[in-house]
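The lines below spell out each chain.
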Amino acid sequence: MAANSLGGAVRARRVKGVQVACFTALVIVVMRFVAGPQQRLFSLIENFAYDSYFDHRAPRDISDFVIVAVDEESLKPEHLGRFPWDRAVYARLLERLGGAKVVGIDLLFPEPSADDAVLAAAVRQHGRVVLAAHKRRVARGTELPLTWHGYGQATTPGVPRAYSDARLTDEFVPPVPVLAQAAGMGYVDIVPDADGVYRRAMPLMASPADDVMPHFGLEIARLALGLDRAQLMHSAASGALAVRNATLPLAGGEMLINYAGPLQTVKYVPAWRVVAGQEPAETFRDKIVLIGPTAAGLYDIRPAPFTRNNRVFFGVETNANIAHTIMAGETLRNNTHGLVWGIYALVLGALVGWAVWYSDEKQAVWLGVGLVTVLALPVFMVGVMWLNQVVPYGAILLGAAVPMVWALYERLGLEKRQIADQFGTYVSPDVLHELERNPELVRQGQRREVTLLFSDVRGSTAIAEKMPPDVWIAQLNEYLSEMSDAIFAYDGYLDKFMGDGIMALWNAFGNQPDHAELATKAAAQMLERLKLLNEAWEGRKDRVPLQIGIGLHTGEAIIGNVGSYRRAQYTAIGDSVNSASRIEALTKEFKAQLILSETLAERLAGRVKLVELGEVELKGRAEPLRVYKPEGYAGEVKGHFQQKEK
């Protein structure tokens, strides 16, 4: 059975390569959707893309927010002095902010103070003030009694609960009772991602007592928009916040913070200027004002997804962005566990693998890289800018890039490796290099003119019976090594060893127009090498002199890989092969070491002096064939044997 084993091997490798690409993409997608330490890798990629988006996006309009900053300037003795300030200072601030739509005081008042009543009165007078609470972990049973009320009892699933186990639990620490009863409240805690950057917030959380508490930013938005608490809680329990005409999606009870811009995108006003009446009332009219610390040492730094300025971001501006995200209805949907995107990552990985394996080797690189560049790299930006959602970018990028890199590594040079594996021991380095540069030389079976060489050791059966097997094998290996070198010296293709017999051919790949002369020179060198071998073996008890016969014939043959799908041999078949073998057998009859056919003699064109031996009938051949032997044609050994002996 004839088969192109090189092409078959490449086809089989392509099928396996695509299967590996699909499996690799599947593993990556599953790893992205299953919890575990591998999530750090995906988060690294996705957080980088997320931050790059915010870094390069133009700032959004957040002019309806103003921050009254507890900054270094306000802490100077000539202004408001050292922190903490008397709570009467905040009362004076509220008086100056009477025209504000909502005022959120992003400062904690958990301990009583002498002027709490003054501040409480100012809060009531303003009527639209939100105070801050915070969460802390304590031993179970030591929770503080709550003096404020949230949005109601968590009777429906979907609202996350504060941490609690057999020993520890979270407690919500509100302001002192007199303040808690005078204002709206929300907790200011948000949890950073693994890299310490704050990208998401939990609008609602159930306390250990199942009372649903709003985030500080949500409570500000609720007051500013006049939203109903029960409606907000009900919508959040179903996986989204219903805010007027917008629905803000939640994932695991969390929302992504759609930052309006980097630090100080929100307008900042020093607190002392407000207290001193140096800031016009119009600055705050119908605005949402947050009062919070920005001075060094007050420890309200919350790194944001802006790499400029080392991610520095103040917590008060973070809370402003949370409230703005809710009010604007522009939160990004966290779709990092979306099934559709997982399928997209899987299909893309399979497509890239298929494209690399089934394209031409010269096209594989740009096609694979092009698909990843066009269909994987821009996906994050497409998701956030056009679809308003964050996608599982790590799975998509790795699911395409890893199969691509692996496929290119395996694909590039595959035919060269296949050729090296199949022909590396059968041809000279020069011929192998030519085949690697032009794999098409061996891709298809062809009919072409070749020159064939058969050789055999005379009396080898009798020698083998007399000598110990290991000794005879050792001598035979020495002999075959030298004969192989002679064939390779003239770029012959060593087809096979047949015991002590050799079959070789020239022009096996159609690139040797002088194949007849090359084969004749190789045969002459084989005889010369054997002569030198016999001289080297002379006097050794473990070696016997050898005599060989060589037959050469030029004719047409079918060249290609012959064998089964499991094992094939690149060889020549046809009448010319049989003729060459039978010409070698004639060396015994004519007592000649080397016999050439007339078809080969014609191509030597008088370059070798020949002696005609006569016309012979060859079995299987219809017409007789004239044969010759060379005379006075010594083969060059080119120093190979002598160098080995030294």
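The structure under discussion appears in the preceding block.
Summarised in this report is the structure supplied together with it. Just so it is clear, the model here is predicted, and its values are computed rather than measured. (Residues numbered from 1 in each chain as written. Predicted model: local features only at pLDDT ≥ 70, side-chain atom pairs only at ≥ 80, totals over all residues. Heavy atoms only, no water.)

Turning next to the overall build of the protein. Counting its secondary structure elements, the protein contains 21 helices and 23 strands. Relative to its full complement of 646 residues, the protein shows a buried share of 52%. Within the protein, contacts between residues at least 6 apart in sequence are counted, and of these 77% link residues at least 24 apart. (Helix = DSSP H or I, 4+ residues; strand = E, 2+ residues; numbered from the N terminus. Buried < 20%, exposed > 50% of the residue type's maximum accessible area, 1.4 Å probe, protein only. Contact = heavy atoms within 4.5 Å.)

There is about 520 Å³ of room inside the largest pocket. What lines the largest pocket is a set of 23 residues, and nearest its centre among them are Arg 32, Ser 43, Asn 47, Asp 193 and Arg 200. Of all elements in the fold, only helix H1 (5–33) and helix H2 (39–56) reach the threshold of two or more residues within the lining of the largest pocket. Per-element tally for the lining of the largest pocket: the top contributor is H2, with 6 residues. Class assignment of the residues belonging to the lining of the largest pocket gives a composition of 10 nonpolar, 6 polar and 7 charged. (1 Å grid on protein atoms, 1.4 Å probe; cavity = no way out; pocket = protein on both sides within 12 Å on 5 of 7 lines; lining within 4 Å. Points joined across faces, edges and corners; volume = space filled by probe spheres on them. Nonpolar A, V, L, I, M, F, W, Y, C, P; charged D, E, K, R; others polar.)

With that settled, consider helix H9 (residues 315–328). Its 14 residues give H9 an end-to-end C-alpha distance of 20 Å, which sits within 8% of 20 Å, the value for a rise of 1.5 Å per residue. The buried fraction of H9 is high, at 13 of 14 residues. (Expected span 1.5 Å × (residues − 1).)

Below, the discussion takes up the packing of aromatic side chains. For the structure shown, the criterion picks out 16 aromatic pairs. Seen in terms of ring centroids, Tyr 259 and Phe 306 are 5.7 Å apart; in terms of plane orientation they differ by 85°. Their pairing is edge-to-face. One end of the pair, Tyr 259, is in the loop between strand E11 (255–256) and strand E12 (267–270); the other, Phe 306, is in the loop between strand E13 (288–293) and H9, with 47 residues separating them in the sequence. On the basis of relative accessible area, Tyr 259 is assigned to the buried category, the value being 0%. Given a relative accessible area of 3%, Phe 306 falls into the buried group. With 6.2 Å between their ring centres and 55° between their planes, Trp 357 and Trp 406 make a pair best called tilted. Here Trp 357 is found in helix H10 (residues 339–358), whereas its partner Trp 406 is found in helix H13 (residues 393–411), with 49 residues between them in sequence. (Phe/Tyr/Trp six-rings, centres within 6.5 Å; stacked < 30°, edge-to-face > 60°.)

With that settled, consider the packing of H10 against helix H11 (residues 361–375). The angle between the axes and the distance between the axes are what describe a pair of packed helices. The N-to-C vectors of H10 and H11 enclose an angle of 165°; their axes lie 8 Å apart at closest approach. The angle between H10 and H11 falls in the class roughly antiparallel. The way H10 lies across H11 gives a crossing that is right-handed. Note on element contacts: H11 touches H10 through Ala 364, Leu 367, Gly 368, Leu 371, Val 372 and Leu 375, opposite Tyr 344, Leu 348, Leu 351, Val 352, Ala 355 and Val 356. When its residues are assigned to classes, the contact of H10 with H11 shows 11 nonpolar, 1 polar and no charged. (Axes fitted to C-alpha atoms, helices over the stretch in contact; angles between N-to-C directions. Parallel < 35°, antiparallel > 145°, perpendicular 65-115°, else oblique. Left-handed = near helix turned anticlockwise from the far one by under 90°.)

On to unusual backbone geometry, then. Leaving glycine aside, a negative phi is the common case for residues, and trans is the common case for peptide bonds. With omega at 5°, the peptide bond leading from Phe 83 into Pro 84 counts as cis. Positive phi, close to 60°, is recorded for Asn 388, a residue that is not glycine. Mapping Asn 388 onto the fold places it in the loop between helix H12 (379–386) and strand E15 (389–390). Given a relative accessible area of 35%, Asn 388 falls into the partly exposed group. Of note in the backbone geometry, Asp 491 takes a positive phi value of approximately 55° without being a glycine. Summarising the element assignment, Asp 491 is placed in the loop between helix H17 (469–489) and strand E17 (493–498).

Attention now moves to the pairing of strand E2 (residues 102–108). Extensive coverage of E2 is indicated by the burial of 6 of its 7 residues. For E2 and E13, the ladder comprises 4 bridges, and the chain directions are parallel. Its bridge partner lying in E13, Val 102 is registered against Ile 288. As defined by bridge partners, E2 adjoins strand E3 (residues 129–139) across 4 bridges and the pair is classed as parallel. Counterpart to Ile 105 in the pairing with E3 is Leu 131. Crossover E2 to E3 through helix H4 (residues 116–126) is right-handed. (Pairing = 2+ DSSP bridges. Right-handed = clockwise from strand over helix to strand, strands pointing away.)

This part covers the side chain of Asp 500. Assignment of secondary structure puts Asp 500 in the loop between E17 and strand E18 (501–506). Put simply, Asp 500 is tucked away with no salt bridge, and the nearest opposite charge, on Arg 458, sits 7.3 Å away. A polar contact is formed between the side chain of Asp 500 and the side chain of Ser 460, at a distance of 2.7 Å. Discounting chain neighbours no more than four positions away, the residues touching Asp 500 are Ser 455, Asp 456, Val 457, Ser 460, Leu 476, Tyr 479 and Leu 480. (Lys, Arg positive; Asp, Glu negative; His and termini not counted. Salt bridge = Lys/Arg side-chain N within 4 Å of Asp/Glu carboxyl O. Polar contact = N/O pair within 3.5 Å; in protein donor to acceptor, adjacent residues only side chain to side chain.)

Bringing the environment of Ala 523 into the picture now. Of note, Ala 523 is situated in helix H18 (residues 515–537). Residue classification places Ala 523 among the buried residues on the basis of a relative accessible area of 0%. For the pair Ala 523 and Ile 487, spaced 36 residues apart in the sequence, the C-alpha separation amounts to 7.6 Å. Once residues within four sequence positions are removed from consideration, Ala 523 is found in contact with Leu 453, Ile 550, Leu 552 and Leu 594.

Before going further, it helps to spend a moment on the environment of Glu 631. By the element assignment, Glu 631 lies in the loop between strand E23 (625–630) and helix H21 (640–645). Spatially, the C-alpha atoms of Glu 631 and Lys 609 are 5.6 Å apart, while their sequence positions differ by 22 residues.

Along the chain, Arg 57 falls in the loop between H2 and strand E1 (65–70). The contacts of Arg 57, once residues within four sequence positions are left out, are Asn 258, Tyr 259 and Ala 260.

As a further point, take the pattern of salt bridges. Per the stated rule, a full pass over the model turns up 27 salt bridges. In this structure, Asp 170 engages Lys 135 in a salt bridge whose closest nitrogen and oxygen atoms are separated by 3.7 Å. With Asp 170 in strand E4 (residues 168–173) and Lys 135 in strand E3, the pair connects residues that are 35 residues apart, well separated along the chain. The partly exposed category is assigned to Lys 135, whose relative accessible area is 21%. We note a salt bridge from Glu 482 to Arg 529, for which the minimum N-O separation is 2.5 Å. Of this pair, Glu 482 sits in helix H17 while Arg 529 sits in helix H18, placing them 47 residues apart in sequence. Of the two residues, Glu 482 and Arg 529, both sit in the buried class.

Compared with the 21 Å implied by 1.5 Å per residue over 15 residues, the 21 Å span of H11 between its first and last C-alpha is a close match. Along H11, the positions that sit buried rather than exposed are Ala 364, Gly 368, Leu 371 and Val 372. Along the axis of H11, the buried positions cluster into a sector of 90°, meaning they face one direction only. The exposed residues of H11 that point more than 90 degrees off its buried face are Lys 362, Trp 366 and Val 374. (Arc of directions from axis to C-beta.)

From the geometry alone we can't say anything about function, so treat these as descriptive.
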